[in-house]
Amino acid sequence: MAGYITGEGEISRSAFGVSAGETLAFPLAMRMGKEEIPTFLAHVEEDDESNIGVKWLSYYRVIIYEDRFYFSKYRQKDFDNQVVMKGMRADIENDELVVTFVWHNSQAHRKGVQVGDKIGAVNGQVVANLPFLEQVKLKEAINTASKIRVAIHRLGNDIELTDEVLLTF
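Owing to the predicted nature of the structure, the values given are computational and were not obtained by experimental measurement.

## Digging into the overall build of the chain
Right, on to step 1. When you go through the chain residue by residue, the secondary structure sums to three helices and 13 strands.
Right, on to step 2. Taken over 169 residues, the chain has a buried fraction of 38%.
Right, on to step 3. In the chain, once contacts between residues fewer than 6 apart in sequence are set aside, the share between residues at least 24 apart is 48%.
Right, on to step 4. Summed over its atoms, the accessible surface of the chain is roughly 10,300 Å², and 50% of this surface lies on carbon and sulfur atoms.

## Quick notes on unusual backbone geometry
Right, on to step 1. Of note in the backbone geometry, Asn123 takes a positive phi value of approximately 50° without being a glycine.
Right, on to step 2. Mapped onto the elements, Asn123 comes out in the loop between strand S9 (118-122) and strand S10 (125-126).

## Some details on the pattern of salt bridges
Oppositely charged side chains are able to pair whenever their charged atoms sit close together.
Right, on to step 1. If you walk through the whole model with that rule in mind, you get eight salt bridges.
Right, on to step 2. Salt-bridge contacts for Lys118 lead to Glu96; the nearest nitrogen and oxygen are separated by 3.9 Å. Of the two residues, Lys118 is situated in strand S9 and Glu96 in strand S8 (residues 96-103); the sequence distance between them amounts to 22 residues.
Right, on to step 3. For Lys118, a relative accessible area of 33% gives the class partly exposed.
Right, on to step 4. The exposure class assigned to Glu96 is partly exposed, which follows from its relative accessible area of 31%.
Right, on to step 5. Glu160 is paired through a salt bridge with Lys147; the nearest N and O atoms lie 3.6 Å apart. Of this pair, Glu160 sits in strand S12 (residues 157-162) while Lys147 sits in strand S11 (residues 147-152), and the two are 13 residues apart along the sequence.
Right, on to step 6. You can call Glu160 partly exposed: its relative accessible area is 30%.
Right, on to step 7. Members of the salt-bridge network, linked through shared partners, are Lys147, Arg149 and Glu160.

Analysis parameters
Residues numbered from 1 in each chain as written. Predicted model: local features only at pLDDT ≥ 70, side-chain atom pairs only at ≥ 80, totals over all residues. Heavy atoms only, no water. Helix = DSSP H or I, 4+ residues; strand = E, 2+ residues; numbered from the N terminus. Buried < 20%, exposed > 50% of the residue type's maximum accessible area, 1.4 Å probe, protein only. Contact = heavy atoms within 4.5 Å. Areas by Shrake-Rupley, 256 points an atom, 1.4 Å probe, with all protein chains shown as cover. Salt bridge = Lys/Arg side-chain N within 4 Å of Asp/Glu carboxyl O.

Have a look at this one:
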């Protein structure tokens with residue numbers, strides 16, 4: 001298995017809008033003096049933004065005084081050493097459940113799922129005309145259940161997706 005995984009689609013949403021494109025996720029080990037931060041998964045987008053700073057902040061307080069930086073250990077935290085998922089994420093767009101992200105070489109990718117695909121049903125539950133909160137439950141099932149069956153309109157059939165290890169570090 002490669003030391004990193006790549007994917008494409010919607011990477012994140014914030015008050016500033018949607019960040020979309022290709023991303024790379026890889027294990028990163030960091031040291032600061034004698035202190036070692038356990039290896040964690042870092043995401044780097046094509047525009048060079050990353051989540052690396054967020055991981056640092058879960059370990060260290062940063063104090064800026066005049067022209068110097070000081071770091072003090074904040075808390076101990078262990079990170080998972082595997083990326084386990086079905087290889088896709090979905091979200092609700094215009095009252096439809098839509099694939100928003102696909103990891104390359106994942107089960108979803110190998111079965112033909114693409115960003116923008118519309119999902120007609122999840123585990124036999126038809127998405128059309130469902131109240132918003134019911135659509136949210138289906139979205140959560142796609143993103144969190146270990147096994148699902150989804151009907152992708154473009155593919156014209158149901159596909160079964162189960163969690164798989166995409167990366168171990």
